[in-house]
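Structural description and commentary
For reference, the chains in residue letters:
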Protein chains: 2
Amino acid sequence: MNKLGNILNIQYPIIQAGMAGGPTTVQLVSQVSNAGALGTLGAGYLTPDAMRQAIRAIKESTNLPFAVNLFCTSMQDDWGAVKEVQSVLNPIREQLGIPVPNKIPTSLDFVEEQFAICIEEQVPIISTAFGLLPTTYMRIAKEAGRKIISMVTTVEEGLQAEEAGVDVIVAQGSDAGGHRSTFNVSEQPMGANIGTFSLVPQMVDAVKVPVVAAGGIMDGRGMVAAFALGASGIQLGTRFLTTKESGAHPAYQKALLASTEESTVITKSFSGRPARGIRNRFIEQMDSSQIGPLPFPSQNTLTGDIRKRAAETNQTDYMSLWAGQATRLLKAEQTAEEVIRELLDEAEKVQGILFR
Amino acid sequence: MNKLGNILNIQYPIIQAGMAGGPTTVQLVSQVSNAGALGTLGAGYLTPDAMRQAIRAIKESTNLPFAVNLFCTSMQDDWGAVKEVQSVLNPIREQLGIPVPNKIPTSLDFVEEQFAICIEEQVPIISTAFGLLPTTYMRIAKEAGRKIISMVTTVEEGLQAEEAGVDVIVAQGSDAGGHRSTFNVSEQPMGANIGTFSLVPQMVDAVKVPVVAAGGIMDGRGMVAAFALGASGIQLGTRFLTTKESGAHPAYQKALLASTEESTVITKSFSGRPARGIRNRFIEQMDSSQIGPLPFPSQNTLTGDIRKRAAETNQTDYMSLWAGQATRLLKAEQTAEEVIRELLDEAEKVQGILFR
């Protein structure tokens, strides 16, 4: 066990990223933890009931530590440009055969209840995206003996996280798939996008807590490289999306396996927050319209019916296809446990052949 | 000597990037080669006479292999939007006290003469940016026993380079400073920007020739990481800009040493081709104007007087401050030889502590 393992009480310094919106099934999270790594439930979009249910199911499936990932950012809606944005979305709804909504939905803010459930349900590790836990939550979590992981995209954010008392920092490079964890997206609308290779050593030099590398890590080569750069652990998201336990839509998994390093873009079109995903028709239509998008969470709430219908009808053109920049290294038909074993075996070998 | 060393006949698998426009002095190139790595003259903007003079001076300073880097892209001017662009540039000229040019300059295309000089002067290694050597040049170079290195930004470009017969591929990640080497910038206006961490292993899996990693590599950690990812060598540009032998403007070097991982952007505003540099007033004025820029090389030719005057008057606001994303790792007051020794010493140590 290295220093990350000691803090999180896990055997291997490997974290499965807390991907919100479905991919992180109970089976995925518990199998990753049972394999000696850290499984993470991506709870950002879960209702309190669904979240509690998932946490209890995970605890029934593993006695080992797991994490629950929460969104720590304002959930205040801003519908300012909703008319203009609907003028882009309604033709898409028509095309997909979805009724045009007669009223504007409201984004639900679950984080207070979600946090309370993490404490009640004895969740050992809480990880955060988009920002830090509020001070009071941080104190409660610490007093309850929980470990806190925060994902950051700049050295400055890393220093803020350390100052706030987080136990582990995940340095998310621009190679990463999904949402950028950048704290202040009004200052950095497309997020801070520092390559994983550049971000990790600069973060390691700046903070004392262990740094976990995230973004573009897919195999044992990446694992060894991340440690060489000074990381104490690695976090993988995309690599787990095509495992047998992944909850990612089959058409999404197919798109991932067919994609290359050139397939992705960083877009705000689905959620209002910058995220890296495979370029598709929805992104092109939204971006070329030069309209909106609305800020997070409003854009995410407003596009929910479109993404839902796209999934029901297997139309990847209108799904969010979050993916990192190293998808040529993806494999199909593996279990999450096989992925972790393979990472460790490859890393052993890579270490041996360095410079040969 | 690893396989890269065998092909290029160098002791250490380290390449000093061929940064055009002044930084790669005769002293820098020859000292790097004398230290057992590969020095590169960035000849892109040199007149044939200046280039021949530099090559002869390098040969007087070292008996070891060195490289000359050429631009391989169309040098055809396109002045279509010159009036509009001048409307942005002329107020800047006024502010800097430069006369408004009464005629449009013409971009000079030296590559044919430059290539001929490389052959005549027995330049052992020719490296290319922006594209590949024309087929006839490639045949002549091969018949003359020269080695060819091409810098690429995607797996597809790497496969093209291998097909064309290059001996070594430099995989330039988006972390890299300076111009993106993307071949087709009409298709990818801001370049292909794949993080170094993601690009290297995907390139290594796709081609048979040795792959050199470039972008964000600053120290022994980066060297070990690049090899772990499958690279056979590393290329460093930014790290050499602040060495004692660097020809980079002192004010530019100061800006580099004061910058962070958040300081840079990819911009076409100086040259018409996408390049990563420290955000400054010129970039902000050009980008916020929403006008132009002209394509390369016309934009570069048109902004030449502004960059020249900015340098003469130490105004970094109007210089091109090319830089990668890991500038927190820069050091001052080192010789190029000290940088190479340090890289090798650090790499030794890093290898020993992996996973500990």
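My aim in this report is to walk through the structure given alongside it, one point at a time. Here the residue numbers are simple positions, counted from 1 along each chain's written sequence. Each chain takes a letter, starting from A, and each ligand takes a number, starting from 1, following the order in which they are written. Only residues with pLDDT of 70 or above have their local features reported here, since the model is predicted, and side-chain atom pairs are shown and tallied only from 80 upward, although totals for entire chains, interfaces and linings are computed over all residues. To get the side-chain values, all heavy atoms of the structure are used, and hydrogens and water are removed first.

1. Considering the interface of chain B and chain A
By a widely used convention, the size of an interface equals the accessible area lost when the partners come together. The criterion used for residue contact is that any of the two residues' heavy atoms lie within 4.5 Å. Taken together, the contact pairs 41 residues of chain B with 41 residues of chain A. Note on definitions: buried area is the accessible-area loss of two parts on being combined, 1.4 Å probe, summed for both. The contact between chain B and chain A buries some 3500 Å² in all, and 63% of this surface belongs to carbon and sulfur atoms. Take a side-chain nitrogen of Lys or Arg and a carboxyl oxygen of Asp or Glu: if they are within 4 Å of each other, that pair is a salt bridge. Taken together, the links from chain B to chain A amount to two salt bridges. The residue Asp 205 of chain A makes a salt bridge to Arg 221 of chain B at a minimum N-O spacing of 2.8 Å. We call two N or O atoms a polar contact when they sit within 3.5 Å, provided that within protein one can donate a hydrogen and the other can accept it, with sequence-adjacent residues counted only if both atoms are side-chain atoms. For the pair chain B and chain A, the number of links is 16 residue pairs in polar contact (both at pLDDT 80 or more).

2. Description of the pairing of strand β3 (residues 66-71) of chain B
All names here are of chain B. Only protein chains enter the calculation, and the probe is 1.4 Å; a residue is then buried if its accessible area is under 20% of its type maximum, exposed if over 50%, and partly exposed in between. Helix and strand definitions here come from DSSP, where helices need a minimum of 4 consecutive H or I residues and strands a minimum of 2 consecutive E residues; each element is numbered from the N-terminal end. Burial analysis of β3 places six of its six residues in the buried class, which makes it a mostly covered element. Of the two faces of β3, the one holding Phe 66, Val 68 and Leu 70 and the one holding Ala 67, Asn 69 and Phe 71 are both buried throughout. Strand direction decides the pairing type here: strand β2 (residues 39-42) and β3, joined by four bridges, are parallel. Opposite Leu 41, over in β3, you have Val 68 as the bridge partner. In this view, the connection linking β2 to its parallel neighbour β3 by way of helix α3 (residues 48-61) has right-handed handedness. By definition, two strands form a pair when at least two bridges between them are found by DSSP. Where β3 and strand β4 (residues 125-129) come together, five bridges link them in parallel fashion. For Ala 67, the partnering residue across the bridge sits in β4 and is Ile 125. Whether a crossover is right-handed depends on one test, that the path from the first strand over the helix to the second runs clockwise when the strands point away from the viewer.

3. A look at helix α6 (residues 135-143) of chain B
Within an α-helix, residues lying three or four positions from one another point in the same direction, as the helix has 3.6 residues per turn. Residues and elements named next belong to chain B. Of all the residues in α6, the buried ones are Tyr 137, Met 138 and Ala 141. For α6, the buried positions fall inside an angular range of 100° around the axis, keeping them on one side. Structural note: α6 exposes Thr 135 and Glu 143 on the side pointing more than 90 degrees away from its buried face. Where α6 is buried, its residues touch α5 (111-120), β5 (147-152) and α7 (155-164). Directions pointing from the helix axis toward each C-beta atom define the arc.

4. Here we look at the environment of Val 207 of chain A
Residue and element names in this part refer to chain A. Counting through the fold element by element, Val 207 comes out in the loop between α8 (196-206) and β8 (211-214). For Val 207, a relative accessible area of 8% puts it in the buried group. Through-space distance from the C-alpha of Val 207 to that of Gln 285 is 42 Å; in sequence the pair is 78 residues apart. If we skip the residues at most four places from it in the chain, Val 207 touches Gly 158, Leu 159, Glu 162 and Ile 169.

5. A closer look at the packing of helix α4 (residues 82-96) of chain B against helix α14 (residues 304-312) of chain B
Two measures define how a pair of helices packs: the angle their axes make with one another and the distance between the axes. All names here are of chain B. Axis definition: a line fitted to C-alpha atoms, over the contacting stretch in the case of helices. Angles run 0 to 180 degrees between N-to-C directions. The interhelical angle for the contact between α4 and α14, taken along N-to-C directions, is 25°, at an axis separation of 10 Å. The angle between the axes of α4 and α14 places the two elements in the roughly parallel class. Pair α4 / α14 crosses with left-handed handedness. Between α4 and α14, the contacting residues are Leu 89, Ile 92, Arg 93 and Leu 96 on the first element and Asp 305, Ile 306 and Arg 309 on the second. For the contact of α4 with α14, a count of residues per class yields four nonpolar, no polar and three charged. With respect to orientation, any angle under 35 degrees is reported as roughly parallel, any angle over 145 as roughly antiparallel, any angle of 65 to 115 as roughly perpendicular, and every other angle as oblique. The hand of a helix crossing depends on one turn: near helix anticlockwise from the far one by less than a right angle means left-handed, and clockwise means right-handed. Charged residues are taken to be Asp, Glu, Lys and Arg, nonpolar residues to be Ala, Val, Leu, Ile, Met, Phe, Trp, Tyr, Cys and Pro, and polar residues to be all remaining types, Gly included.

6. Thoughts on the relation of the copies chain B and chain A
Both copies of the chain are related through a single rotation about an axis accompanied by a shift along the same axis. Its rotation angle being 180°, the transformation that places chain B on chain A also includes 0.0 Å of axial translation and leaves an RMSD of 0.0 Å. Taken together, the rotation and translation relating the two chain copies correspond to the operation of a two-fold axis. If distances are taken from each C-alpha of chain B to the rotation axis, the shortest is found for Ala 225 of chain B, at 2.0 Å. The residues that chain B uses at the interface reappear at the interface of chain A in 100% of cases, marking a shared surface. Superposition of the copies was done by least squares, using only C-alpha atoms of residues whose pLDDT is at least 70 in both.

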